[in-house]
Amino acid sequence: MTTLPKTLESKTKIRFQHCDPFNHLNNSEYINYMINAREDQIIKHYDLDLFKIAKTHGVSWVVGTNQIAYLRPAFLMEEVVIDSQLIKYSENALDVEIRMWNHYKTELKAVLWSSFVHFNLLKQKSWNHSENLMNLFNSVLNPLDTNTFNERILQLKPQKV
């Protein structure tokens, strides 16, 4: 049996139409870049295509909450690294942390915590994960040693001397 990676990573380039007049990535676009990266990563590494699942099984995930910290600007045409991991799950929800870095992963630009609710599109209510999904989540779970978003940001921020 192949061991699946617990932290997924990909690269992308910041595009003109997503930037403000200062050539910084617009704050709302960070979430788009980070969620899009996560979707691509789980297709590639876990063969988990959210749109195919929605179409064939009538279930998907909806965002319950987002918490984001903007630590450094991402700039026009900059290549960034986005990594992500499943930090918690339950019978009908997922919590994911997504981080955006500079190309060399020496400068953290943003951290996003997203909570997703598993949702039955036909019945219009939350829905329990299948046994197969629960097994997948158990195998890729990468929990953190902190309980709150603010604690996590303090943990990740470089300490000033």
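Bear in mind the structure is a predicted one, so any value in this text is a computation, not a measurement. (Residues numbered from 1 in each chain as written. Predicted model: local features only at pLDDT ≥ 70, side-chain atom pairs only at ≥ 80, totals over all residues. Heavy atoms only, no water.)

1. Topic: the overall build of the protein
Helix and strand counts for the protein come out as four helices and six strands. Reading the protein from its N terminus to its C terminus gives the helix and strand order β-α-α-β-β-β-β-β-α-α. Its C-alpha atoms give the protein principal-axis dimensions of about 45 × 35 × 30 Å. Counting the 161 residues in the protein, one finds 39% classified as buried. For the protein, restricting intrachain contacts to residue pairs at least 6 apart in sequence, the fraction spanning at least 24 positions comes to 69%. Accessible area for the protein stands at about 9,800 Å²; split by element, carbon and sulfur atoms hold 52% of it. Between the centroid of the 18 positive side chains of the protein and the centroid of its 17 negative side chains there is a distance of 1 Å. (Helix = DSSP H or I, 4+ residues; strand = E, 2+ residues; numbered from the N terminus. Buried < 20%, exposed > 50% of the residue type's maximum accessible area, 1.4 Å probe, protein only. Contact = heavy atoms within 4.5 Å. Areas by Shrake-Rupley, 256 points an atom, 1.4 Å probe, with all protein chains shown as cover. Lys, Arg positive; Asp, Glu negative; His and termini not counted. Charge placed at Lys NZ, Arg CZ, Asp CG, Glu CD.)

2. Overview of the pattern of salt bridges
A complete count under the given rule lists nine salt bridges for this structure. Of the charged contacts, one joins K109 and E78 as a salt bridge, the two residues approaching to 3.1 Å between their closest N and O atoms. With K109 in strand β5 (residues 108–120) and E78 in the loop between β2 (59–70) and β3 (79–89), this residue pair connects regions lying 31 residues apart in the sequence. With relative accessibility at 0%, the residue K109 sits in the buried group. One continuous salt-bridge network, built from bridges that share partners, spans E9, D83, E97, R99, K105 and R152. (Salt bridge = Lys/Arg side-chain N within 4 Å of Asp/Glu carboxyl O.)

3. Brief notes about the side chain of H129
Looking at where H129 falls in the secondary structure, it is placed in the loop between β6 (125–126) and α3 (131–140). Given a relative accessible area of 8%, H129 falls into the buried group. Among all residues touching H129, those that are not within four sequence positions of it are W61, S90, E91, N92, A93, L94, H118, M134 and F137.

4. Things to note about the nonpolar core
Membership of the largest hydrophobic core comes to 31 residues, with the highest contact counts inside it found for W61 and M100. Mapped by element, the contributors of at least two residues to this core are α1 (27–46), α2 (50–57), β2, β3, β4 (93–102), β5 and α3. Here this core takes seven residues from α1, the largest share from any one element. With residues near it in sequence (within four places) discarded, M100 still touches L25, Y30, Y33, M34, A74, V80, V81, I82, E107, L108, K109 and A110. Grouped together as the second largest cluster of nonpolar side chains are 10 residues, V81, I87, W113 and L144 included. (Core = buried A, V, L, I, M, F, W, Y, C linked by side-chain atoms within 4.5 Å.)

5. Side note on the layout of surface pockets
Volume-wise, the largest pocket comes out at about 340 Å³. Contributing to the lining of the largest pocket are 19 residues, with E39, I42, L50, W61 and F116 lying nearest its centre. When contributions to the lining of the largest pocket are tallied by element, the ones reaching two or more residues are α1, α2, β2, β4 and α3. Looking at the lining of the largest pocket element by element, the count peaks at five residues for α1. The class makeup of the residues in the lining of the largest pocket is 16 nonpolar, one polar and two charged. (1 Å grid on protein atoms, 1.4 Å probe; cavity = no way out; pocket = protein on both sides within 12 Å on 5 of 7 lines; lining within 4 Å. Points joined across faces, edges and corners; volume = space filled by probe spheres on them. Nonpolar A, V, L, I, M, F, W, Y, C, P; charged D, E, K, R; others polar.)

6. Some thoughts on the packing of aromatic side chains
Within this structure, the stated rule accounts for three aromatic pairs. Plain terms: the ring middles of Y89 and F137 are 5.8 Å apart, the flat faces sit at 55° to each other, and that makes the pair tilted. Of this pair, Y89 sits in strand β3 while F137 sits in helix α3, placing them 48 residues apart in sequence. (Phe/Tyr/Trp six-rings, centres within 6.5 Å; stacked < 30°, edge-to-face > 60°.)

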